[in-house]
Protein chains: 2
Amino acid sequence: MIIGRFPIAGLINASKDILMSTIRHITLPVGFVSAGVKCGIKASGRNDMAIITGEADVAAAVVTTSNQVFGEPVRYCRSILPKGYGTVRGIVINSGCSNVCTGPAGFRDAKTMATMTAKKLGTTADKVLVASTGIIGHRLPMEKVKAGIADAASKLSRNNDTETLLAIMTTDTREKYAVVQTVIGGKMVTLAGIVKGAGMIAPSLATMISVVTTDAAISPADLYKAVVAEATVTFNGITIDSDTSTSDTVAVLASGLAGNKPIKAGSAEFKQFASALQEVFGELARAVVIDGEGATKLVEIAVTGARSDAEAAVAAKSVANSPLFKCAIHGGDPNWGRIACALGKSAAKVDPEKLMIGIGGITIFARGTGKKFNVKRVEEHLKGTSIQVDCDLGLGKGRFTAITCDLSKEYVAINADYST
Amino acid sequence: MIIGRFPIAGLINASKDILMSTIRHITLPVGFVSAGVKCGIKASGRNDMAIITGEADVAAAVVTTSNQVFGEPVRYCRSILPKGYGTVRGIVINSGCSNVCTGPAGFRDAKTMATMTAKKLGTTADKVLVASTGIIGHRLPMEKVKAGIADAASKLSRNNDTETLLAIMTTDTREKYAVVQTVIGGKMVTLAGIVKGAGMIAPSLATMISVVTTDAAISPADLYKAVVAEATVTFNGITIDSDTSTSDTVAVLASGLAGNKPIKAGSAEFKQFASALQEVFGELARAVVIDGEGATKLVEIAVTGARSDAEAAVAAKSVANSPLFKCAIHGGDPNWGRIACALGKSAAKVDPEKLMIGIGGITIFARGTGKKFNVKRVEEHLKGTSIQVDCDLGLGKGRFTAITCDLSKEYVAINADYST
């Protein structure tokens, strides 16, 4: 059950001011502390350095970008967790500079961040994950970074969740977090996540970073299994503009202090945990889309009846990434031709004779031709801020839901009118 | 040598009025006549029915959309030329209604167009190609269509090229044609092409159609080889917004009346012919991009050093389809981070350490990091209307050039503000 989250419904048309809150989230699971401070990487003077750490070592699972051009912090995380999982103490994150395309010197900077943080936490550099977000192609100002790490380390506590979240944001306009609690094996288990997303107002920002903490007891390897499975159906299903960032990182840390019997892959408890993780990831992923550049509407494209889940994903993402479709949604136009076109151009098998397309629950295309439909009702649905598109391919049992936003003039303004 | 073409350099910033011209193009090769008339399919009352035909049967090669949702005219062309080539008399084309997603009744309409035209030309329906462009999901108004075919057939001549071209246009803002002449085996051979493109101001338009005529003597099978090879490096390299239309059709008709000895695949003459065809296709493809929705700049992305030509194409198109990159070009921002990101996310092998990126001939990224470069000179280049981006992957000999336009607020306005 979700007990705290970025309040989606109320916010899509809210003002773009950052909403300050003092709700605890990332340190709500037992065994974690955090801090967020300003150290001058951001010219704006806003928070730009965060540490989130277990009070002792924690199980960790990390998934990173599939982009072949990836940041030096990503390279560093892969070097200390070559399988994607293991035991760590915590993670240090800065915003304002992504440390991407900075070469071997940039890698040394990432490692220095880990070393500095490890010293303050009484551990070694191979136990500290690193993530950076911000402009691509610039070296980190290491003197400021070092001062920031020292400052953050001195402030670690359970009362800094908001300051911590602010410190990982760049041009995000809203705090994005989610908290889920569930009873596993008779014990209350808490999962909490924060995310920074796709508010890339200044160009060249390397984007998504998410940290999720939990007090569940679970081995690193089993944690990794759950993370990969659930990231595939949540974070990997969202798209603002089809551009996979060079810094995408999702780190999940498990302290094991909830008192539950360790969760084993394949068990009923594992399913429960994975389902709670999916809820947290799903909320964070939706929050990222809602805070997408120029977004005014959240659009879910549910593809069913594909030959496989993988083909359903390909078809759903083809629609979600179609600029013509996204413009039609922005304009509130029930334009099924663009949906059929985007499905048909995808690598997924599509047979127009078996295809069904619906908007807002109303079928508008079936068996090769458009249907007579209640245009007023569909247009009414499209005037809302949460749009549902259903595509049944009629070929099998594969299903996938992609989530995207509309394409507005504001997106172009954000990405064209500001200069590097 | 190109002897006539849509004058690219002068037009990119010209007014959006259609430029009327009386230059001959599509009937310049020996043995062809054409006509274009208005029959009332378009509400605007503009030309909407065209016939382009040999005076006798001609060799034909046709390539059509790879979209799995395709128009009934495409289905009809495939039914009469299952291999993509053969002997035909000519082609009938209407604009204003694409006859896509209209089911078996739509297929019968396409066949009726062929039958009507064949009767007027004194041949059979299986010798007449059909293409339609315009709104998706509507049946053709067959009474108007029949009257239009009769009218056009009665006006076939060598003096109607402009009327013919106007009749295949929808919301194109400019006439797009190209004429190339070359001496093959001691004989002057002429190739002429017209194209309608991506001015999809009303939503749901099924877009690109191109017809190329030539008087070269060449068998249908060899003509098809040349057409497939050259379409791959020209039409298949352009993208306005990554949305492959349901009606894309390129038909090449060869009358064989130039007096040359028949061109055989693999010969020096074949290479010459293919090269001339590439010139015509290339000009038409560039013209389509320049007339792209909201386009203010033509952008060539030349990828070299890929492991294969296929991987070079994947990498080049990933950049050409990146909304972030296209916005940066629109804003004149020398933002190499977005180019590196788009290359890296593609399915082509990319190694940042071997990657070189240049804009306007100036290297701005090499071996994993950004280079110091003359920002003023690059910005000056980006202020122009023809932008050159070079990406050398440093991994092999594969090369491909993709051509696209920038992404402007006007694109969103065109595609969101008008309703179906």
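## Quick word on the overall build of chain A
- A tally of regular secondary structure across chain A gives 12 helices and 17 strands.
- The C-alpha radius of gyration of chain A comes to 22 Å, within 12% of the 22 Å expected for a compact globule of 420 residues.
- Relative to its 420 residues, chain A shows a buried fraction of 62%.
- Once local pairs closer than 6 in sequence are excluded, the contacts in chain A between residues at least 24 apart make up 80%.

## Structural notes on the environment of Lys354 of chain B
Residues and elements named next belong to chain B.
- Along the chain, the position of Lys354 falls in the loop between helix H10 (336-345) and strand S13 (356-359).
- For Lys354, a count of 15 C-beta atoms within 10 Å puts it in the partly exposed group.
- Dropping the residues within four chain positions of it, Lys354 is found in contact with Leu393, Gly394 and Leu395.

## Topic: the confidence of the model for chain A
All names here are of chain A.
- Residue-level pLDDT values for chain A average 89, and 91% of them are 70 or greater.
- By mean pLDDT, helix H1 (residues 8-11) is the weakest element of chain A at 33, and helix H4 (residues 142-154) is the strongest at 98.
- Counting contacts from residues 5-21, a segment whose pLDDT is below 50, to residues more than four positions away or on other chains yields 29 contacts.
- For this predicted complex, the interface confidence reaches an ipTM of 0.76, while the overall pTM sits at 0.80.

## Some words on the relation of the copies chain B and chain A
- For the match of chain B to chain A, the screw axis carries a shift of 0.0 Å, the RMSD comes to 0.0 Å, and the turn is 180°. Given the turn and translation reported, the copies of this chain are related as if by a two-fold rotation axis. Relative to the rotation axis, the closest C-alpha in chain B is found at Lys409 of chain B, a distance of 2.4 Å.
- Of the residues that chain B buries at the interface, 100% are likewise interface residues in chain A, meaning the two copies contact each other through the same surface.

## Some remarks on the environment of Gly361 of chain A
- Along the polypeptide, Gly361 of chain A turns up in the loop between strand S13 (356-359) and strand S14 (362-366).
- Distance in space between the C-alpha atoms of Gly361 of chain A and Val378 of chain A is 8.6 Å, their sequence separation being 17 residues.

## Concerning the interface of chain B and chain A
- Listed per partner, the contact involves 49 residues of chain B and 49 residues of chain A.
- Secondary structure elements with two or more residues in the side of chain B that touches chain A: helix H9 (323-330), H10, strand S15 (369-370) and helix H12 (409-416) of chain B.
- Broken down by class, the residue content of the side of chain B that touches chain A amounts to 19 nonpolar, 23 polar and 7 charged.

## Let's talk about helix H3 (residues 103-121) of chain B
All names here are of chain B.
- Taking 1.5 Å of rise per residue, the 19 residues of H3 would be expected to cover 27 Å, and the 28 Å separating its terminal C-alpha atoms lies within 8% of that figure.
- Among all positions in H3, only Gly106, Asp109, Ala110, Lys111, Met113, Ala114, Met116, Thr117 and Ala118 are buried.
- Taken together, the buried residues of H3 touch strand S3 (49-64), helix H2 (72-80), strand S4 (85-97), strand S5 (128-135) and helix H4 (142-154).
- One or two positions beyond H3, positive phi appears at Gly122, with a value near 70°.

## Points about the nonpolar core
- Grouped together as the largest cluster of nonpolar side chains are 282 residues, with contacts concentrated most on Ala60 and Ala315 of chain A together with Ala60 and Ala315 of chain B.
- Excluding residues within four positions of it along the chain, Ala60 of chain B makes contact with Leu81, Tyr85, Gly86, Thr87, Val88, Leu129, Pro220, Ala251, Val252 and Leu253 of chain B.

## Concerning the pairing of strand S7 (residues 187-196) of chain B
Residue and element names in this part refer to chain B.
- Extensive coverage of S7 is indicated by the burial of 8 of its 10 residues.
- Two successive antiparallel strands, strand S6 (residues 177-184) and S7, enclose a turn made up of 2 residues, where Gly185 displays a positive phi of approximately 55°.
- Bridge analysis of S7 against strand S9 (residues 209-214) gives 6 bridges, and the strand direction is antiparallel. The residue of S9 that forms the bridge with Val195 is Ser210.

## Notes on the domain arrangement of chain A
Residues and elements named next belong to chain A.
- Domain parsing of chain A yields domain 1 (2-290) and domain 2 (298-416).
- Using C-alpha coordinates to define each centre, domain 1 is positioned 31 Å away from domain 2.
- Across the boundary between the two partners, domain 1 contributes 13 residues, which contact 13 residues of domain 2.
- Elements that contribute at least two residues to the side of domain 1 that touches domain 2 include exactly strand S10 (238-239) and helix H7 (268-290).
- Sort the elements by how many residues they give to the side of domain 1 that touches domain 2 and H7 lands first, with 4 residues.

## Regarding the sheet that holds strand S15 (residues 369-370) of chain A
Residue and element names in this part refer to chain A.
- Pairing is mixed in the open sheet, where 7 strands are placed in the order S10-S17-S12-S16-S13-S14-S15. Each having just a single partner strand, S10 and S15 make up the two edges of the open sheet.
- Where H7 meets the sheet, it contacts S10, strand S12 (298-306) and strand S17 (398-405), and its direction lies at approximately 40° from that of S17.
- Each of S10, S12, strand S16 (386-392) and S17 is contacted by helix H8 (residues 309-320), which is oriented at about 25° to S17, the strand it contacts most.

## Considering the pairing of strand S11 (residues 249-254) of chain B
Residue and element names in this part refer to chain B.
- Burial runs high along S11: 6 of the 6 residues are buried.
- Burial along S11 is two-sided: Thr249, Ala251 and Leu253 and Val250, Val252 and Ala254, pointing in opposite directions, are all buried.
- Of the pairings in the sheet, the one linking S3 to S11 comprises 6 bridges and is antiparallel in character. Paired with Val62 across the two strands is Ala251, which belongs to S11.
- Pairing geometry for S9 and S11, over 6 bridges, is parallel. Along S11, the bridge assignment pairs Thr213 with Leu253.

## Digging into the sheet that holds strand S10 (residues 238-239) of chain B
Residue and element names in this part refer to chain B.
- Pairing is mixed in the open sheet, where 7 strands are placed in the order S10-S17-S12-S16-S13-S14-S15. Strands with a single pairing partner mark the edges of an open sheet, and in this sheet they are S10 and S15.
- As paired strands, strand S14 (residues 362-366) and S15 are joined by 2 bridges and run antiparallel to one another. The residue bridging Ala366 from the neighbouring strand is Thr369, located in S15.

Definitions and limits used
Residues numbered from 1 in each chain as written. Chains lettered and ligands numbered in written order. Predicted model: local features only at pLDDT ≥ 70, side-chain atom pairs only at ≥ 80, totals over all residues. Helix = DSSP H or I, 4+ residues; strand = E, 2+ residues; numbered from the N terminus. Rg over C-alpha atoms; globule rule 2.2 N^0.38 Å. Buried ≥ 20, exposed ≤ 12 C-beta atoms within 10 Å, placed from the backbone. Contact = placed C-beta atoms within 7 Å. pLDDT = per-residue confidence, 0-100. Least-squares fit on C-alpha atoms with pLDDT ≥ 70 in both. Nonpolar A, V, L, I, M, F, W, Y, C, P; charged D, E, K, R; others polar. Expected span 1.5 Å × (residues − 1). Core = buried A, V, L, I, M, F, W, Y, C linked by C-beta atoms within 7 Å. Pairing = 2+ DSSP bridges. Domains from an automatic or database assignment. Axes fitted to C-alpha atoms, helices over the stretch in contact; angles between N-to-C directions.

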